[in-house]
Amino acid sequence: PPTISTYHAFAGALLREHGLLLPVEPDTRLIGETELWQLAFRVVCEHPQVLDTEKTPAAVTALVLRLAGALSEHLVDTAALLDTHTELERLIHHLPAGGSQRDRGPAQWLLKLLATQHERTELVPLIDELHRRMRAGKVMDFGAQMSAAARLAVAAPQVGAQLRQRYRVVLLDEYQDTGHAQRIALSSLFGGGVDDDLALTAVGDPIQSIYGWRGASATNLPRFATDFP
């Protein structure tokens, strides 16, 4: 009989079966938004350093979760955030004005963009602590689960080889609502042109893409031909 699951359920099954290769403990528990928010709120309230912000702890918690989710979805480590503002700051403050501009200094919207980058840098220790507590408590949210599945698929090609032996026909539904981590996981497991006899089809309509707010990208559709040659 066919095996049917959501993308996240498939990622969860993948980690239960092969997660120790990362390692991810097989008894790691999936938590919902409410439990994750409570955990992140405690991290923010117990943070030992003073943040340069006028935002409330609840507002900072929302920023931490939003940024942590984006990092998971795009497979980016927090260390990559620490210096992202450096080059931007140099460009904003030292590039000369354009030919049609009066040299009045950087525009306000550019300074606001730079301030956002600085704010994200300050959130890195909070995100790191949140991840530490999640590992210690053996819990994961949906974003971390999919990110771990993608990293597993890339780091352990033998997992894909086993799955391709088990599943010879694969249908990927609503493909326009997959995100970067899902694309990397699926293409690493079933793509890359390593198995020409595997039958794989993706169904999707970019006009029906509704999950862009959580990282889904309809551009995964035109990339299909190169991900699954």
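Values in this document were obtained by computation on a predicted structure and should not be read as measured data.

Draft legend 1. How the structure looks around the side chain of S72. With respect to the helices and strands, S72 occurs in helix α3 (residues 57–73). S72 sits in the buried class, given a relative accessible area of 12%. When sequence neighbours within four positions are dropped, the list of residues in contact with S72 reads G143, A144, S147 and A181.

Draft legend 2. The arrangement of helix α6 (residues 142–155) in detail. Between its terminal C-alpha atoms α6 stretches 20 Å, which fits the 20 Å expected from 14 residues at 1.5 Å a residue. Three or more residues of α6 are buried, namely A144, Q145, M146, S147, A148, A149, A150, L152 and A153. In the core, the buried residues of α6 are packed alongside α1 (7–18), β1 (29–30), α3, β2 (139–140), α7 (157–166) and α8 (180–190).

Draft legend 3. Representation of the pattern of salt bridges in the model. Counted according to the given criterion, the structure contains 10 salt bridges. We note a salt bridge from E119 to K55, for which the minimum N-O separation is 2.8 Å. In this pair, E119 sits in helix α5 (residues 108–136) while K55 sits in the loop between α2 (33–45) and α3, placing the two residues 64 residues apart along the sequence. With relative accessibility at 41%, the residue K55 sits in the partly exposed group. Put simply, E129 and R132 hold a salt bridge, and the shortest N to O gap is 2.8 Å. Taken together, the residues span about one helical turn, with E129 and R132 both in helix α5 at a distance of three residues. Its relative accessible area of 43% is what places R132 among the partly exposed residues.

Draft legend 4. Seen up close, the packing of α1 against α7. Two elements in contact, α1 and α7, have axes whose closest approach is 12 Å; the angle formed by their N-to-C orientations is 115 degrees. Along this stretch, α1 crosses α7, giving a crossing that reads as right-handed. Between α1 and α7, the contacting residues are F10, L14, E17 and H18 on the first element and V159, Q162, L163 and R166 on the second. When the residues that make up the contact of α1 with α7 are grouped by side-chain class, the tally is four nonpolar, two polar and two charged.

Draft legend 5. Summary view of the side chain of R183. Within the secondary structure, R183 sits in helix α8. Residue classification places R183 among the buried positions, given a relative accessible area of 14%. Polar side-chain contacts of R183 include one of 2.6 Å to the side chain of D227. Those residues in contact with R183 that sit more than four places away from it in its chain are Y175, N220, R223 and D227.

Draft legend 6. Examining the pairing of strand β3 (residues 169–172) more closely. Side chains V170 and L172 of β3 all project onto a buried face; the interleaved residues V169 and L171 project onto a face where none is buried. Relative to strand β4 (residues 199–202), β3 runs parallel, the two being bridged by four bridges. The partner of V169 across the bridge, within β4, is A199. Crossover β3 to β4 through α8 is right-handed.

Draft legend 7. Layout of unusual backbone geometry. That bond from L22 to P23 is cis: its omega, 15 degrees, falls within 30 degrees of zero. You can see P23 is positioned in the loop between α1 and β1. Phi at L75 is positive, roughly 55 degrees, even though this residue is not glycine. Among the structural elements, L75 can be located in the loop between α3 and α4 (84–94). We classify L75 as partly exposed; its relative accessible area is 22%. In this model, E174 sits at a positive phi of 50 degrees, which is unusual for a non-glycine residue. Residue E174 is classed as partly exposed on the basis of its relative accessible area of 40%.

Quick notes on the rules
- Residues numbered from 1 in each chain as written.
- Predicted model: local features only at pLDDT ≥ 70, side-chain atom pairs only at ≥ 80, totals over all residues.
- Heavy atoms only, no water.
- Helix = DSSP H or I, 4+ residues; strand = E, 2+ residues; numbered from the N terminus.
- Buried < 20%, exposed > 50% of the residue type's maximum accessible area, 1.4 Å probe, protein only.
- Contact = heavy atoms within 4.5 Å.
- Expected span 1.5 Å × (residues − 1).
- Salt bridge = Lys/Arg side-chain N within 4 Å of Asp/Glu carboxyl O.
- Axes fitted to C-alpha atoms, helices over the stretch in contact; angles between N-to-C directions.
- Left-handed = near helix turned anticlockwise from the far one by under 90°.
- Nonpolar A, V, L, I, M, F, W, Y, C, P; charged D, E, K, R; others polar.
- Polar contact = N/O pair within 3.5 Å; in protein donor to acceptor, adjacent residues only side chain to side chain.
- Pairing = 2+ DSSP bridges.
- Right-handed = clockwise from strand over helix to strand, strands pointing away.

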